[in-house]
Amino acid sequence: MKVRKVPLWRIAHARSGDKGDASNVGLIADHPRFYEVLLRQVTAERVKAHFHAICRGEVERYEVPNLHALNFILHDALGGGGTESLKIDAQGKTHGQGLLLMEIEVPEELLDDD
Amino acid sequence: MKIVRIGNGQGFWGDNVDAPIALLRGGDIDYLGMDYLAEVTISIMMRQKLRDPSAGYARDFIDFIRAVLPELHQRRVRVLTNAGGLNPQACRQQIFAVARELGLSGVRVGVVEGDDLLPRLPELVARGHRFENMDTGEPIAAHLEKMSSANAYLGAEPVIEALRQDALIVLCGRVTDTALALAPLMHEHGWQPGDWDRLAAGTIAGHVIECGPQCTGGNFTRFWEVPDLWNVGYPLVEGYADGSFVVTKHPGTGGMVTVDTVAEQLLYEMGDPTTYVTPDVTADFTSIQLEQEGPDRVRVHGIRGRPKTPYLKVSASYLAGYKTTGTLTVSGPRAVEKARLCADVVWRRLERAGVIFDPAHREVEILAAGACLPGILPPPEDPPEVVLRIGVRDPDYAKVERFGKELAPLVTSGPPGVTGFAGGRPKPQRVVAYWPALLAREEVEDHLRVTVEEA
């Protein structure tokens, strides 16, 4: 099976927000056929490594199969969160866009149908 | 089949002021929800109320009411809002004043009270309630003195009571955003407490619209697919008696409602998707089914819920010092290096003046060089310009103020190409920190008061 390396934004969309000093990133497959790829490759460990310079705590992952989506909680990722943070992105608004830059391997035949 | 049309015209404090008027006038609507309370807003209102006992609510809401009251009254479009803040009674009096000004009579306004726990905190703690900080586990007792606000999040029940008493406008303080959609659905369809699936459906309807245009094309990943974002339509749900609902927007508005725009909003600010806890119900987001029913129409169904928890969330706040940030634009060759030099100069001059900050409470970000997503996007090699954003936080106001004096001098005493310093010295702002906790719900529910008066 031939695979191609693509950024996540080729097969998924995302939105992020804040919960105290944690951010959440919802990642949704553009089509149900991509959900397996997300499930297998976009693990909590990989997301933690991807956000290594942002997220100082653990990353939790939840599955939302009915929306072919995953939800990530990035703990200790907002410099104190809310009003205490001095960061420009104190609410994690950009974390969804950041996750979409992660590279994953997608079987060619899935992409060809796109 | 009975359909209840519920819109959200204000997703947060500071949202577009024309949007709720467009939502009201753009087509059929039965209920309009308006959110004015950010986490920080309550503590700002507390300060306003201390200075002036007739203040402490969202003044923007009165401007909105002045613009639309005759129309609300005539069309019987009911408005549900948390604009009452810490002083819903004063807010009501102001609405009555507007009604008199406009020569209207028969305007019924409901007020929901009982969310404000600040005066009751010492007594509640004395009776053994610990208000443990949900992030740290620490009990509140040792910090009682410094708390500047404490409000419980209320659910749909008191709002429904005001609707039963025929209120045209319902003014709350802290109430969940989701309750502002659930309450009219329960009221109109006769849903009963304990009907967990329908209560979860109404709660999720509220979650979808609570951030206004974030479900109709705003903040959507594939922004290039969204038509006329400038004129984005704020959302409407059409709620059916069986708990299913359609997310849509008025015809002729910009934006779009698709399975994808709705799915993004469903996951916004989400924790464990199987367990979304509100005062009314525990909703399961993994039960939601979405279907594109037509252009700009997404049908939502299949929602399951579980019983509510015995607790209500309480959000207390306290002053945690001061902070400020300032920016300088640095242009020309080696801009990043020059910006870093500017930051270094600031810290060393402050040190020379004996003003030292905890390194954990200093921040330097170089905007346009990857500040939002460090470690993810490779920084550009030599950008033509960057913005230095530098900030501090400290319990001492004077230190934070002193920091603000060190930016402007860099224009003449720093590296070349430094500009963009026209806004004056950055001023210290209060840092309001939160103390999230849980409280047995009967302690709040036994003290709720709903009054509906007419002018």
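Criteria and cut-off values
Residues numbered from 1 in each chain as written. Chains lettered and ligands numbered in written order. Predicted model: local features only at pLDDT ≥ 70, side-chain atom pairs only at ≥ 80, totals over all residues. Heavy atoms only, no water. Helix = DSSP H or I, 4+ residues; strand = E, 2+ residues; numbered from the N terminus. Rg over C-alpha atoms; globule rule 2.2 N^0.38 Å. Buried < 20%, exposed > 50% of the residue type's maximum accessible area, 1.4 Å probe, protein only. Phe/Tyr/Trp six-rings, centres within 6.5 Å; stacked < 30°, edge-to-face > 60°. Contact = heavy atoms within 4.5 Å. Buried area = accessible area lost by both parts, 1.4 Å probe. Salt bridge = Lys/Arg side-chain N within 4 Å of Asp/Glu carboxyl O. Polar contact = N/O pair within 3.5 Å; in protein donor to acceptor, adjacent residues only side chain to side chain. Domains from an automatic or database assignment. Pairing = 2+ DSSP bridges. Core = buried A, V, L, I, M, F, W, Y, C linked by side-chain atoms within 4.5 Å. 1 Å grid on protein atoms, 1.4 Å probe; cavity = no way out; pocket = protein on both sides within 12 Å on 5 of 7 lines; lining within 4 Å. Points joined across faces, edges and corners; volume = space filled by probe spheres on them. Axes fitted to C-alpha atoms, helices over the stretch in contact; angles between N-to-C directions. Parallel < 35°, antiparallel > 145°, perpendicular 65-115°, else oblique. Left-handed = near helix turned anticlockwise from the far one by under 90°. Nonpolar A, V, L, I, M, F, W, Y, C, P; charged D, E, K, R; others polar.

Turning to the overall build of chain A, a few remarks are in order. Counting secondary structure elements, chain A contains four helices and six strands. Listing each helix as α and each strand as β along chain A from the N terminus yields β-β-β-α-α-β-β-α-β-α. Computed over C-alpha atoms, the radius of gyration of chain A comes to 14 Å, within 12% of the 13 Å expected from 2.2 N^0.38 for 114 residues, which places it in the range of a compact globule. Each principal axis of the C-alpha atoms in chain A carries an extent, and together these give about 50 × 25 × 20 Å. Counting every position in chain A, which comprises 114 residues, the buried fraction comes to 57%.

Here the focus is the packing of aromatic side chains. Residues and elements named next belong to chain B. Under the definition given, this model contains eight aromatic pairs over all chains. On the numbers, 5.7 Å between centres and 75 degrees between planes, the contact of Y36 with F61 is edge-to-face. Taken as a pair, Y36 in the loop between strand 2 (31-34) and helix 2 (41-51) and F61 in helix 3 (residues 59-75) lie far apart in primary sequence, 25 residues in all. You'll find Y36 and F61 in the same group, each marked buried. Taking 4.8 Å as the distance between ring centres and 50 degrees as the angle between the ring planes, the aromatic pair formed by Y276 and F285 counts as tilted.

Facing 39 residues of chain A, the contacting portion of chain B comprises 47 residues. When the two sides are added together, the surface that chain A and chain B hide from each other amounts to roughly 3500 Å², 59% of it contributed by carbon and sulfur. Scanning the region where chain A abuts chain B turns up four salt bridges. With its nearest N and O atoms 3.6 Å apart, the salt bridge here joins E363(B) to K87(A). On inspection of chain A and its partner chain B, the count reaches 23 residue pairs in polar contact (both at pLDDT 80 or more).

Our focus in this paragraph is the environment of Y318(B). Residue and element names in this part refer to chain B. Take Y318: it is sitting in strand 14 (residues 311-331). For the pair formed by Y318 and S43, sequence separation is 275 residues and the distance between their alpha carbons is 8.1 Å. Setting aside anything within four residues of it in sequence, one finds Y318 in contact with K146, M147, S148, V431, V432, A433, Y434 and W435.

With that out of the way, let us pick up helix 9 (residues 259-266) of chain B. Counted residue by residue, helix 9 of chain B has seven buried out of eight residues, so it is predominantly covered. Looking only at helix 9 of chain B, the buried set comprises D260(B), T261(B), V262(B), A263(B), E264(B), Q265(B) and L266(B).

This part covers the domain arrangement of chain B. Domain assignment breaks chain B into domain 1 (4-115 + 153-309) and domain 2 (316-433). The distance between the C-alpha centroids of domain 1 of chain B and domain 2 of chain B comes to 39 Å.

What follows covers the pairing of strand 8 (residues 245-248) of chain B. Two faces make up the sheet, and in a regular strand the side chains alternate between them. All names here are of chain B. Because side chains alternate across strand 8, one face comprises the buried residues F245 and V247, and the other comprises V246 and T248, equally buried. In this structure, strand 7 (residues 236-239) lies alongside strand 8, joined through four bridges in antiparallel fashion. Among the inter-strand pairings, V237 is bridged to a residue of strand 8, identified as V247. Between the antiparallel neighbours strand 7 and strand 8 lie five residues, among them G243 with a positive phi of about 100 degrees. As paired elements, strand 8 and strand 12 (residues 297-301) share three bridges and run antiparallel to each other. Bridge pairing links F245 to V300 in strand 12.

Turning our eyes to something else, we now look at unusual backbone geometry. Residues other than glycine predominantly adopt negative phi, and peptide bonds predominantly adopt the trans conformation. All names here are of chain B. At F131, a position not held by glycine, the phi torsion is positive, near 45 degrees. Secondary-structure assignment places F131 in the loop between helix 5 (121-126) and strand 5 (147-152). For E269, which is not a glycine, the phi torsion comes out positive at approximately 55 degrees.

Looking now at the nonpolar core. Ranked by size, the top nonpolar core spans 72 residues in total, and within it F131(B), V170(B), I204(B), V247(B), L266(B) and L290(B) carry the most contacts. Each of domain 1 (4-115 + 153-309) and domain 2 (316-433) of chain B accounts for three or more of the residues forming this core. Setting aside residues up to four positions removed in sequence, L290(B) forms contacts with L67(A), V259(B), V262(B), A263(B), L266(B), V298(B), R299(B) and V300(B). Ranked by size, the runner-up nonpolar core spans 40 residues in total, among them I29(B), L37(B), L69(B) and I169(B).

As a volume, the second largest pocket reaches approximately 620 Å³. Along the wall of the second largest pocket there are 32 residues; nearest its centre are A53(A), K87(A), E363(B), V364(B) and E365(B). Broken down by secondary-structure element, the contributors of at least two residues to the lining of the second largest pocket are helix 10 (335-352) and strand 15 (362-367) of chain B. Here the element with the most residues in the lining of the second largest pocket is strand 15 of chain B; it accounts for five residues.

We now examine the sheet that holds strand 7 of chain B. Residue and element names in this part refer to chain B. The mixed open sheet is built from ten strands, whose spatial order is 11-12-8-7-1-2-3-6-4-19. Two strands in the sheet have a free side with no partner beyond their single neighbour: strand 11 (289-294) and strand 19 (449-454). Going across the sheet, the axis of each strand differs from the next one's by a mean of 20 degrees, ignoring polarity. Packed onto the sheet, helix 3 meets strand 2, strand 3 (78-81) and strand 6 (169-171) and runs at close to 155 degrees relative to strand 6. Of the strands in this sheet, strand 8, strand 11 and strand 12 touch helix 9, which is tilted by about 150 degrees from strand 11.

We now examine the packing of helix 3 of chain B against helix 4 (residues 88-101) of chain B. All names here are of chain B. Remark: helix 3 packs on helix 4, axes separated minimally by 10 Å, with the N-to-C direction vectors making an angle of 30 degrees. Between helix 3 and helix 4, the crossing angle belongs to the class labelled roughly parallel. Between helix 3 and helix 4 the crossing geometry is right-handed. Contacts between helix 3 and helix 4 involve F61, I62, I65, R66 and L69 from the first element and C91, Q94, I95, V98, A99 and E101 from the second. Split by residue class, the contact of helix 3 with helix 4 holds eight nonpolar, one polar and two charged.

Below, the discussion takes up the sheet that holds strand 2 (residues 12-19) of chain A. Read across the sheet, four strands follow the order 2-3-5-4 (chain A) without closing on themselves; strand pairing throughout is antiparallel. Looking at which strands have only one partner, the edges of the open sheet turn out to be strand 2 and strand 4 (59-64) of chain A. The sheet shows a mean angle of 20 degrees between the axes of neighbouring strands, taken without regard to direction. Here eight bridges tie strand 2 of chain A to strand 3 (residues 22-29) of chain A, and the two strands are oriented antiparallel to one another. Across the sheet, A12(A) pairs through a bridge with A29(A), a residue of strand 3 of chain A. Sheet strands in contact with helix 9 of chain B are strand 2 and strand 3 of chain A, and its direction is about 30 degrees off that of strand 2 of chain A.

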